[in-house]
Amino acid sequence: MLNIVGKFDVVVVGAGPAGSSAAYTLSKNGFKVVVIERGRTAGSKNLYGGRVYSKPLEEIYPEFKREAPIERWVKRERFSMMVGGELLTLEYYSRNSTSFTAYLSRLAGWMAQKAEEAGAIIVTDVRVDDLYTEDGIVKGIVSGGDVLKADVVVDAEGVNRLILERHGLVPKLLPRQVALGVKETIRLDKQKIEDRFGLLPEEGLAWFIIGNVTGGLPGGAFLYTNTTTVSLGMVVFLEEACKKVQKHVFDILEDLRTSQPFSDILKDGVLVEYGAHLTPEAGLDMAPKKLYTDGLLVVGDAAGFLLNLGYTVRGVDFAAYSGYLAAKTIIKAHSEGNFKAENLSVYQKLLEESFIIRELRRHRKIAKLLRSSELFTTYPEIFVDVARKLFNIEYTSPTLLQSIRESIKGKTSLLSLIVKMLSLVRAL
Amino acid sequence: MSVQALKKIKITEALNTNIWDVDSRPHITVDYEKCRKLCDKKICTLLCPAGCYTLSDDGILFSYEGCLECGTCRIVCPHEAVKWDYPLSGRGVQYRFG
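Residues numbered from 1 in each chain as written. Chains lettered and ligands numbered in written order. Predicted model: local features only at pLDDT ≥ 70, side-chain atom pairs only at ≥ 80, totals over all residues. Heavy atoms only, no water.

Asker: Just checking my understanding: could you explain the overall build of chain B for this structure?
Answerer: On a plain count of helices and strands, chain B comes out with four helices and seven strands. Counting helices and strands in the order they occur from the N terminus, chain B gives β-α-β-β-α-α-β-β-α-β-β. Considered along the principal axes of its C-alpha atoms, chain B spans approximately 40 × 35 × 20 Å. Taking all contacts inside chain B whose residues are at least 6 apart in sequence as the whole, residues at least 24 apart take part in 62%. As displayed, chain B offers around 4800 Å² of accessible surface, 54% of which is attributable to carbon and sulfur atoms. (Helix = DSSP H or I, 4+ residues; strand = E, 2+ residues; numbered from the N terminus. Contact = heavy atoms within 4.5 Å. Areas by Shrake-Rupley, 256 points an atom, 1.4 Å probe, with all protein chains shown as cover.)

Okay, structure coming up:
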């Protein structure tokens with residue numbers, strides 16, 4: 001039941017990072033905003049890997065760095081290829097950091113609180129079922145038969161775009177457009193986290209692992225350190241998983257957690273939560289044909305705004321910033337008198353001028369490369385094999401070229417390896 | 001509830017570490033006839049991260065109680081046998097560390 005009286009300027013569907021950032025910005029500018037959230041609290045249905053890039057959020061929320069529920073600033077970036085218990089790792093350490101680990105449940109909760117403090121009304125426990133339209137113009141939302149009217153609706157419903165699908169604004173979501181993420185949150189003594197990962201207090205680690213860590217499915221594993229927990233999880237591309245999966249995804253993750261070196265690193269750890277979520281992977285190729293229609297703007301995961309670079313993922317900052325730009329659009333359209341599509345088209349322009357669409361365009365090619373199974377199985381095998389030959393010296397030590405030639409035997413040719421590596425470097 | 005993370009655990013043990021407020025009304029329904037008649041691969045039994053789909057004698061057994069609300073089954077089912085929505089009234093899984 002929707003027990004809300006009055007008329008609102010804006011209804012926002014979903015109190016995730018995108019929805020709350022839109023609501024916060026609009027409320028600060030004097031708009032009457034209501035956010036409808038299906039969870040018991042804002043954030044209780046949110047789940048992601050574990051790391052957020054800070055800069056875009058600092059622009060939206062001036063007090064962000066001081067107030068937000070940040071766990072650790074990521075100062076150690078680690079990328080590993082893993083085969084069996086052998087790892088070949090590239091690590092970057094810097095005292096400067098532009099990203100932090102956080103629990104998205106808490107971060108989204110904080111954003112909703114900021115929106116509320118700015119004057120927005122956050123209604124929880126309510127599932128939005130549909131858009132409400134008059135003469136084809138979106139004029140509000142429908143929940144359980146009740147209608148809540150507003151001048152404009154911001155759709156921040158997330159990756160499962162049931163509302164947009166019902167309304168025919170996007171076709172049904174396809175396996176090739178998403179990946180499945182599963183995550184275990186493991187409580188571990190603060191001192192142990194710092195000792196085992198080589199971190200100073202408040203320093204964090206972000207770790208991506210490819211190789212035979214995902215049961216042969218294209219994708220990768222991740223590990224993030226929070227203050228007193230570690231998040232261990234994996235992401236698998238769903239289309240490929242549909243074809244190749246042979247073991248339950250949870251068991252694949254358990255294989256990883258209980259194998260070396262993770263079993264040692266996580267010793268004495270206690271599992272405190274297990275979750276799963278889909279993540280958009282097709283970027284601009286899964287965006288609605290129009291990100292705005294008469295009375296409606298689409299933001300965040302629902303719009304496909306997520307960037308997977310293979311060694312890191314950007315989702316929360318893209319989502320929040322798209323909400324912020326949607327708010328700016330509404331402010332401008334209001335000054336022009338109505339929320340018809342022509343006035344909301346500013347949103348597309350703002351997105352194109354911002355990092356969001358520029359980044360998604362630039363990295364369009366990567367999406368395709370990331371799906372090649374060679375990248376996830378054959379190449380890690382080759383590189384780890386080369387490393388073993390180079391580092392596990394008994395009597396004679398081979399040259400690098402010798403090691404490579406031996407390791408690729410029967411797997412690929414030197415030329416195709418070089419070509420593939422170059423195309424990857426170029427795409428990145 | 002929490003589980004010592006030493007050896008491999010069962011999915012039910014992992015799900016038991018979560019906070020739940022399970023609705024008495026299922027938010028997902030499955031057309032078992034379709035599973036039985038049309039589907040031989042039944043990838044939902046491996047891809048549903050909550051293990052909600054299990055094999056029965058000649059088909060599928062589905063239980064919504066441990067659903068993590070990810071939406072995977074809705075998308076991977078090749079026969080549109082899954083009628084999927086989110087739970088009502090804030091019910092279902094309550095993420096604290098999401």
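Back to the write-up after that little detour.
Asker: I keep staring at the overall build of chain A and nothing clicks. Help me out?
Answerer: In terms of helices and strands, chain A carries 17 helices and 19 strands. Relative to the compact-globule value of 22 Å for 428 residues, chain A shows a C-alpha radius of gyration of 23 Å, a close match. Once the C-alpha set of chain A is aligned to its principal axes, its extents read approximately 80 × 45 × 40 Å. Counting every position in chain A, which comprises 428 residues, the buried fraction comes to 60%. Taken as a whole, chain A presents about 17200 Å² of accessible surface, with 52% of it coming from carbon and sulfur. (Rg over C-alpha atoms; globule rule 2.2 N^0.38 Å. Buried < 20%, exposed > 50% of the residue type's maximum accessible area, 1.4 Å probe, protein only.)

Asker: Is there a simple way to think about the packing of aromatic side chains in this case?
Answerer: Where two aromatic rings form a pair, the distance of their centres and the angle of their planes describe that pair. Under the definition given, this model contains 16 aromatic pairs over all chains. Taking 5.1 Å as the distance between ring centres and 70° as the angle between the ring planes, the aromatic pair formed by Tyr103 of chain A and Phe97 of chain B counts as edge-to-face. With Tyr103 of chain A in the loop between strand E6 (99-101) and helix H4 (104-117) and Phe97 of chain B in the segment after strand E7 (92-94), this pair bridges two chains. You'll find Tyr103 of chain A and Phe97 of chain B in the same group, each marked buried. (Phe/Tyr/Trp six-rings, centres within 6.5 Å; stacked < 30°, edge-to-face > 60°.)

Asker: Mind showing me how you'd approach the packing of helix H15 (residues 373-391) of chain A against helix H17 (residues 414-427) of chain A here?
Answerer: The relative placement of two packed helices is expressed as an angle between their axes plus a distance between the axes. Residue and element names in this part refer to chain A. Their axes nearest at 13 Å, the elements H15 and H17 cross at an angle of 120°. With respect to H17, the element H15 is oriented oblique. Crossing hand, H15 versus H17: left-handed. In contact with Glu374, Leu375, Tyr379 and Phe383 of H15, H17 contributes Ser416, Leu417, Lys420, Met421 and Leu424. Residues of the contact of H15 with H17, tallied by class, amount to six nonpolar, one polar and two charged. (Axes fitted to C-alpha atoms, helices over the stretch in contact; angles between N-to-C directions. Parallel < 35°, antiparallel > 145°, perpendicular 65-115°, else oblique. Left-handed = near helix turned anticlockwise from the far one by under 90°. Nonpolar A, V, L, I, M, F, W, Y, C, P; charged D, E, K, R; others polar.)

Asker: I tried to follow helix H1 (residues 17-28) of chain A on my own but got confused; where do I start?
Answerer: In an α-helix, one turn spans 3.6 residues, which is why side chains three or four residues apart end up on the same side. All names here are of chain A. A rise of 1.5 Å per residue sets the reference length of H1, with its twelve residues, at 16 Å; its end C-alpha atoms lie 16 Å apart and thus fit the reference within 8%. Counted residue by residue, H1 has eleven buried out of twelve residues, so it is predominantly covered. Buried residues along H1 sit against strand E1 (8-13), strand E2 (33-36), helix H2 (55-60), H4, strand E10 (146-155) and helix H10 (316-335). Count one or two residues on from H1 and you reach Gly30, which has phi positive near 90°. (Expected span 1.5 Å × (residues − 1).)

Asker: Sorry, what's going on with the confidence of the model for chain B here?
Answerer: If pLDDT is low for a region, its predicted coordinates should not be looked at in detail. Across chain B, the average pLDDT comes to 94, with 94% of residues at or above 70. Scoring of the predicted complex yields 0.95 for pTM and 0.95 for ipTM. (pLDDT = per-residue confidence, 0-100.)

Asker: Sorry if this is basic, but what is going on with the interface of chain B and chain A here?
Answerer: For an interface, size is often stated in terms of accessible area lost upon the parts coming together. On the side of chain A, 58 residues touch chain B, which itself brings 47 residues to the contact. In total, about 4500 Å² of surface goes out of reach between chain B and chain A, with carbon and sulfur atoms giving 53% of it. Taken as a group, Arg74, Tyr95 and Phe97 of chain B account for 18% of the area that chain B buries against chain A, more than any other trio of residues on that side. Run the count over chain B and chain A and you get nine salt bridges. Taken together, the connections running from chain B to chain A amount to 33 residue pairs in polar contact (both at pLDDT 80 or more). Looking at the side of chain B that touches chain A, the elements that each hand over two or more residues are strand E1 (3-4), helix H1 (11-16), helix H3 (44-47), helix H4 (72-76) and E7 of chain B. Per element, the largest residue contribution to the side of chain B that touches chain A is four residues, and it comes from H4 of chain B. Partitioning the side of chain B that touches chain A into residue classes produces 23 nonpolar, 13 polar and eleven charged. (Buried area = accessible area lost by both parts, 1.4 Å probe. Salt bridge = Lys/Arg side-chain N within 4 Å of Asp/Glu carboxyl O. Polar contact = N/O pair within 3.5 Å; in protein donor to acceptor, adjacent residues only side chain to side chain.)

Asker: Any chance you could explain the pairing of strand E14 (residues 229-237) of chain A here in plain terms?
Answerer: Consecutive side chains along a regular strand alternate between the two faces of the sheet. Residue and element names in this part refer to chain A. Within E14, eight of the nine residues are buried, which leaves it mostly tucked inside the rest of the structure. Here strand E11 (residues 178-187) pairs with E14 via nine bridges, running antiparallel. Each bridged residue has a counterpart across the sheet, and for Ala179 the counterpart in E14 is Phe237. As paired elements, strand E13 (residues 219-225) and E14 share seven bridges and run antiparallel to each other. Residue Gly220 lies in a different strand from E14, and its bridge partner there is Val235. In textbook terms, the turn of a hairpin is the stretch between consecutive antiparallel strands, and for E13 and E14 this stretch comprises three residues. (Pairing = 2+ DSSP bridges.)

Asker: Looking at this structure, how should I read the packing of H10 of chain A against helix H13 (residues 355-362) of chain A?
Answerer: Residues and elements named next belong to chain A. Interaxial distance between H10 and H13 falls to 10 Å at its minimum, and their mutual angle equals 135°. Classed by the angle they form, the pair H10 and H13 counts as oblique. From H10, Asp317, Phe318, Tyr321, Ser322 and Leu325 reach across to H13, where they touch Phe355, Ile356, Glu359 and Leu360. Its residues assigned to classes, the contact of H10 with H13 comprises six nonpolar, one polar and two charged.

Asker: Hey, could you run me through the state of the cysteines in this one?
Answerer: Where two cysteines share a covalent bond between their sulfur atoms, that bond is called a disulfide. Residues and elements named next belong to chain B. Taken as a whole and assessed by the stated rule, the structure comprises zero disulfides over all chains. Take Cys70: it sits in no disulfide, and the sulfur closest to it among the cysteines is that of Cys48, at 6.3 Å. With no disulfide of its own, Cys73 has Cys48 as its nearest cysteine by sulfur position, at a separation of 6.2 Å. The exposure class of Cys73 is buried, given its relative accessible area of 9%. (Disulfide = S-S within 2.5 Å.)

Asker: Before we go on, may I ask you to explain the pairing of strand E15 (residues 270-280) of chain A in this structure?
Answerer: Residues and elements named next belong to chain A. For E15, the tally of buried residues reaches eleven of eleven residues, placing the bulk of the element in the interior. Note that E11 and E15 share ten bridges and pair antiparallel. Residue pairing for E15: Gly181 is matched across the bridge by His277.

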